Amino acid sequence: MKKAALVLGATGGIGGAVMRRLIAGGWTVRALTRRANVALPQGCEAVTGDAMDVDAVTSAAEGASVIVHAVNPPGYRDWDRLVLPMLDNTIRAASESQARVLLPGTVYNFGPDVFPNIDEFAPQTPKTRKGKIRVEMEQRLGTAAQRGRCKALIVRAGDFFGPGAANNWFGQGLVTAGARPKVIRNPGAVGVGHQWAYLPDVAETMVRLLERADLPAFASFHMEGHWDHDGRQMVQAIARVMGDPVVPVRPLPWWVLRIAALVATTPREMMEMRYLWQRPVRMTNARLVATLGDEPRTPLLEAVRATLNDLKCL
């Protein structure tokens, strides 16, 4: 396989993490960005263009064996109007270059009928608007792969955290970026487990899978990441890294988000995902371990420290 990749969403959390891992692995990397003069790591070629422009995506993907589709509408705005056309453009570009599309997946695809333990073949019957769009995205990739237009790899993981993570529960719900936290918020119900995914581990997993020659045309995998079995392990890790075991841990005031959701997009999207904090939801990684031998997993305290440093909380 020619180790050349186009990254869509390189300035975002997962797109940036995968881009850096590809560069470190000796890949030729190109990034399509809406704005010119975006600061990108050495070893990445910048191309100005929009993921909504099929010609721009197709041109940027020329010669690529992988297209990382990690692009999202900024600030969750116009999700229902933009997400599927952007993916269609990526599929079109991948069919021209015979590339594999890498899609960072989510747990949103699944509904309560398959909780709490979910494997890759569980029925996808989501109850949320965003979940239904996610299902449609994967179905379009599956159809394209079945028809021989392109190949696809989907890696689903829990809530992202880590350096560079954007629009995530860790930096918007548990702590506040930019200062040492005076309180740690816990969004989960008492005793309810939650699944977390450290961005560098997700990127490592994705690239290891991409570099395998035995992947089928359409492949999907689940990461276990860091399973917080009682919903307290992550907030306790934050307190330990801060060196202050008496920092108060308080429930997230969902009622504040509910009010803010009346006028703001991000709180509205957060409220829609509240069900994932009310019941344990755990994606199982047996298929991933059988393929790779193990799952890359940075120790929790090390991962939390790197995240808090990046958020300027230490």
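See the structure above.
No experiment lies behind these values; they were computed from the predicted model shown. (Residues numbered from 1 in each chain as written. Predicted model: local features only at pLDDT ≥ 70, side-chain atom pairs only at ≥ 80, totals over all residues. Heavy atoms only, no water.)

*Asks:* A description of the overall build of the protein should follow, citing residues and the corresponding values.
*Replies:* In terms of helices and strands, the protein carries twelve helices and 14 strands. A compact globule built from 314 residues would reach a C-alpha radius of gyration of about 20 Å, and the protein, at 19 Å, matches this within 12%. Principal axes of the C-alpha set define a box for the protein whose edges measure 55 × 45 × 45 Å. Long-range pairs, those at least 24 residues apart, make up 77% of the contacts in the protein between residues at least 6 apart in sequence. About 14,000 Å² of surface is accessible on the protein, with carbon and sulfur atoms providing 50% of the total. Positive and negative side-chain charges of the protein, numbering 38 and 29 respectively, have mean locations separated by a distance of 4 Å. (Helix = DSSP H or I, 4+ residues; strand = E, 2+ residues; numbered from the N terminus. Rg over C-alpha atoms; globule rule 2.2 N^0.38 Å. Contact = heavy atoms within 4.5 Å. Areas by Shrake-Rupley, 256 points an atom, 1.4 Å probe, with all protein chains shown as cover. Lys, Arg positive; Asp, Glu negative; His and termini not counted. Charge placed at Lys NZ, Arg CZ, Asp CG, Glu CD.)

*Asks:* Residue-level account of helix 6 (residues 199-210), with values.
*Replies:* Under the 1.5 Å per step criterion, the end-to-end length of helix 6 is 16 Å for twelve residues, consistent within 8% with the ideal 16 Å. Across the twelve residues of helix 6, ten count as buried, placing the element largely inside the fold. Listed as buried for helix 6 are Leu199, Asp201, Val202, Ala203, Glu204, Thr205, Met206, Val207, Leu209 and Leu210. (Expected span 1.5 Å × (residues − 1). Buried < 20%, exposed > 50% of the residue type's maximum accessible area, 1.4 Å probe, protein only.)

*Asks:* Before we move on, can you summarise the packing of helix 1 (residues 13-24) against helix 6 with the specific residues and values?
*Replies:* Axis separation between helix 1 and helix 6 bottoms out at 9 Å; the angle between their running directions is 55°. Looking at the two axes, helix 1 sits oblique to helix 6. Considering the relative orientation of helix 1 and helix 6, their crossing is right-handed. Where helix 1 abuts helix 6, its residues Gly13, Ile14, Ala17, Val18, Arg21 and Leu22 lie against Leu199, Val202, Ala203, Glu204, Met206 and Val207. Tallied by class, residues from the contact of helix 1 with helix 6 come to nine nonpolar, one polar and two charged. (Axes fitted to C-alpha atoms, helices over the stretch in contact; angles between N-to-C directions. Parallel < 35°, antiparallel > 145°, perpendicular 65-115°, else oblique. Left-handed = near helix turned anticlockwise from the far one by under 90°. Nonpolar A, V, L, I, M, F, W, Y, C, P; charged D, E, K, R; others polar.)

*Asks:* Explain the sheet that holds strand 5 (residues 100-105) to me, and be specific about the residues and the numbers.
*Replies:* In space, the seven strands of this open sheet follow the order 3-2-1-4-5-7-11, with parallel pairing throughout. Unpaired on one side and paired on the other, strand 3 (44-48) and strand 11 (218-222) mark the two borders of the sheet. Shown here is a sheet whose adjacent strand axes are inclined to one another by a mean of 20°, direction ignored. By the bridge criterion, five bridges tie strand 2 (residues 28-33) to strand 3 in an arrangement that is parallel. Across the sheet, the residue bridging to valine 29 is cysteine 44, located in strand 3. Along the sheet face, helix 4 (residues 129-146) touches strand 4 (66-69), strand 5, strand 7 (151-156) and strand 11 and points at about 160° away from the line of strand 5. (Pairing = 2+ DSSP bridges.)

*Asks:* I'd like a description of the sheet that holds strand 8 (residues 159-161), backed by residues and values.
*Replies:* Across the sheet, three strands lie side by side as 8-10-12; this open sheet has mixed pairing. Strands at the two margins of the open sheet, each flanked by one partner only, are strand 8 and strand 12 (226-228). When strand polarity is set aside, the average angle formed by the axes of neighbouring strands in this sheet is 35°. Here three bridges tie strand 10 (residues 194-198) to strand 12, and the two strands are oriented antiparallel to one another. If you follow histidine 194 over to strand 12, its bridge partner there is aspartate 228.

*Asks:* Summarise the packing of aromatic side chains; cite the residues concerned and give the values.
*Replies:* Centre distance and the angle of the planes are the two values used to describe a pair of aromatic rings. A full pass over the atoms with the stated rule returns eight aromatic pairs. For the ring pair phenylalanine 115 and tyrosine 275, a centre distance of 6.3 Å and an interplane angle of 5° mean the geometry is stacked. Within this pair, whereas phenylalanine 115 is found in the loop between strand 5 and strand 6 (117-118), its partner tyrosine 275 is found in helix 10 (residues 275-278), the two being separated by 160 residues in sequence. Tyrosine 275 shares its class with phenylalanine 115; the two are buried. When the centroid spacing of 5.4 Å and the interplanar angle of 45° are considered together, the rings of phenylalanine 161 and tyrosine 198 count as tilted. A residue pair is termed long-range when its members are at least 10 positions apart, and phenylalanine 161 in strand 8 and tyrosine 198 in strand 10 qualify at 37 residues. Phenylalanine 161 sits in the buried class, given a relative accessible area of 0%. The buried category is assigned to tyrosine 198, whose relative accessible area is 7%. Three or more aromatic residues joined by ring pairs make a cluster, and in this case those are Phe161, Trp169, Phe170, Trp196, Tyr198, Trp254 and Trp277. The ring of phenylalanine 221 is capped by arginine 287, whose NZ or CZ atom sits 4.8 Å from the centre of that ring. (Phe/Tyr/Trp six-rings, centres within 6.5 Å; stacked < 30°, edge-to-face > 60°. Lys NZ or Arg CZ within 6 Å of the ring centre and 35° of its normal.)

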